[in-house]
Every structure is written in structure tokens, then in C-alpha cells.
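What follows is the residue order along each chain.
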Amino acid sequence: MKKIVKLVFVLLIAIFIMGNVYASLSCEVSVKASKTEMERNQEFTVDFNIAKIQSERGVISLGATLEYDKDSLELIKLEGKNGWETPTEGASFNESNGKIAITRSGLGNADETIFTATFKVKEASKQNLMITLKNITVADGTKPAKIQLAYQNITVKDGDSNPLPQPPDENTNTNPGQNTTNTNNGTNTNINTITNITTNSSGNKDNNKTTTTNTLNKNTMNNGSLPKAGEATAMVFLGLIVVAGVVAGFFFVKMKIINKEIDK
């Protein structure tokens, strides 16, 4: 009986260790402007913050994409805060596409500002603007975690009237000429459009446009979406528990056989 108790105790310790090893990193990122209503030619700052970090190690790096209306706002400068490096053009920041990749001087798990951006409203600004940080990933020195996008709405009181901007869809590819929205509704349909343009000796162009529609894999999924990262981690964790249970059972049977041999 004592051997069974010891075996169960060892099994519980193994499960506890595995649970800590596979614990997922999570946090929240927010965008906070110093003011949300302003006038043309006025400067303001925007803080990009991190909070509610769930990690025993703490966060040490961040990657993201900064988006804003470049026709309405001018980016004056970026400045790292609380041990985070300053996003620098040509090194850790690409102003043309907004990509940012920065690290911290050490692991941290406190609620804090990562970096601050200073903007100036242009003379030809629109009225309704949005500053967005998307494609966010953070890491604690091990496996990175994807974080939900964050944004801040801005109103320019004397700006040109325009529709209220909507948060971007991170599953949509917005590269020019390659606009593709990935929507999984249980039916996969591929539509390919091929346009051939040839020029004859007289300089006239003949447009031969062929449209081919391929419908494949018309199947309905249970929930219409791919498994989430958390579900995959849970499946791995459950699998490890089963393996640990099988190994423990094997050793238990082995000990019983050894005890019988000793009794003989």
C-alpha cells in the first residue's frame, strides 16, 4: 500500500512539473493617446503599454506593426521606456511598413509603457483617425505568444470629414495586388483568374482573359475554425498525462512481479 501511495505521489509531481513547463505566455497590450481630440498642426504623444503578464520568467521582446494615416499624421519620434529599446529606423523599426522588433534590457512582468510615439497632425488631416498596433508577438526567452491587436481613435476637430475607421482584420493580407481574405466557413473554394496580354507588331494589345473556378473540398467542419493554440497545448498536456500514467502503471506492475519473486 505504501508503494502505491509513493507511486501516485511521484505521478502527481510529474503532472505538476509538466503543467508548469507547458504553461502559456499571455498579456495585454494597449494604445493610449495623451489626448483624443485635437486640431491641425498640433502635436500629441501615444503610449504603447503592456499589462497583465502571465509568465514566471517575464517578457523580454516584442514584435508588432504600427499603422496610422500617413496623409494625416506625421511621426516625429519614437522613444523606448522602462528598459525597452527605442525603435530605430533601419535597425529595429521600418517606417515604410511599420514593422517593429525590440527587446528589453532584462525580463520584466510589471505593467508598464513599452514605447512612446510623438505625432503631429498635418494641415490636410482627415477628421477621424486611428492608430493601431497589430501583429503583436511577445516572448519570455522561450516560445513567443501572439497578442490581440490594440488601437486608439483620434478626432481632429477641424479635419476633413471622413468615415470612422474600423480596426483592421489581422487575417487579411493588405499587400497591393495580393488582397486575400481567409474565411473558413466549412467550404473551400479556389478561384483563379489569369489574364494574358500580348502585343502584335502594330502595337495593338490583345487581351485574352481566362477565368477558371476550382471548387475543392466541400466539407463542413464542426466549428468552422482551426484549433486554437490553447487547445493544441491542452491536447499535448493531456497526452503527456496519459503517457505518464502508462509509465507509472508499467512500473507498478513491474514492482508487483518483483515482490512476488521475492516472496517465493
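Residues numbered from 1 in each chain as written. Predicted model: local features only at pLDDT ≥ 70, side-chain atom pairs only at ≥ 80, totals over all residues. Heavy atoms only, no water.

Draft legend 1. Region of interest: the overall build of the protein. Counting its secondary structure elements, the protein contains 2 helices and 15 strands. Within the protein, buried positions represent 27% of all 264 residues. Within the protein, residue pairs in contact and separated by at least 24 positions form 71% of the contacts whose partners lie at least 6 positions apart. Roughly 17,400 Å² of accessible area belongs to the protein as shown, and the carbon and sulfur atoms make up 53% of that amount. (Helix = DSSP H or I, 4+ residues; strand = E, 2+ residues; numbered from the N terminus. Buried < 20%, exposed > 50% of the residue type's maximum accessible area, 1.4 Å probe, protein only. Contact = heavy atoms within 4.5 Å. Areas by Shrake-Rupley, 256 points an atom, 1.4 Å probe, with all protein chains shown as cover.)

Draft legend 2. Focus on the sheet that holds strand 1 (residues 26-33). Overall, antiparallel pairing links the 4 strands, which are arranged 1-3-8-5 in an open sheet. Only two strands of the sheet have a single partner each, and these edge strands are strand 1 and strand 5 (73-80). For this sheet, the mean angle separating the axes of adjacent strands, direction not counted, is 20°. Here strand 5 pairs with strand 8 (residues 112-121) via 7 bridges, running antiparallel. (Pairing = 2+ DSSP bridges. Axes fitted to C-alpha atoms, helices over the stretch in contact; angles between N-to-C directions.)

Draft legend 3. Inspection of the packing of aromatic side chains at higher detail. Evaluated as defined, the whole model comprises 3 aromatic pairs. Look at phenylalanine 48 and phenylalanine 115: their rings are 4.4 Å apart centre to centre, the planes differ by 15°, and that puts the pair in the stacked class. Here the residue phenylalanine 48 occupies a position in strand 3 (residues 43-54), and phenylalanine 115 occupies one in strand 8, the gap between them amounting to 67 residues. What links up through ring pairs into an aromatic cluster is the set Phe44, Tyr68 and Phe119. (Phe/Tyr/Trp six-rings, centres within 6.5 Å; stacked < 30°, edge-to-face > 60°.)

Draft legend 4. The side chain of aspartate 140, seen in detail. Residue placement: aspartate 140 occurs in the loop between strand 9 (128-139) and strand 10 (145-147). Arginine 57 provides the closest opposite charge to the buried, salt-bridge-free aspartate 140, at an N-O distance of 4.5 Å. Reaching out from aspartate 140, the side chain makes a polar contact with the side chain of serine 55 at a distance of 3.1 Å. At 2.4 Å, the side chain of aspartate 140 and the side chain of threonine 142 are in polar contact. Excluding its chain neighbours within four sequence positions, the residues that come into contact with aspartate 140 are Leu25, Ser55, Arg57, Gly58, Val59, Ile60 and Leu107. (Lys, Arg positive; Asp, Glu negative; His and termini not counted. Salt bridge = Lys/Arg side-chain N within 4 Å of Asp/Glu carboxyl O. Polar contact = N/O pair within 3.5 Å; in protein donor to acceptor, adjacent residues only side chain to side chain.)

Draft legend 5. Summary view of the pairing of strand 9. Of all the 12 residues making up strand 9, 10 are buried; the element is thus mostly covered by neighbouring parts of the structure. As judged from the 6 bridges shared by strand 4 (residues 59-67) and strand 9, these two strands associate in the antiparallel manner. Residue pairing in the sheet places leucine 62 in a bridge with valine 138 of strand 9. Taken together, the 6 bridges between strand 9 and strand 11 (residues 150-156) define a ladder with antiparallel strand orientation.

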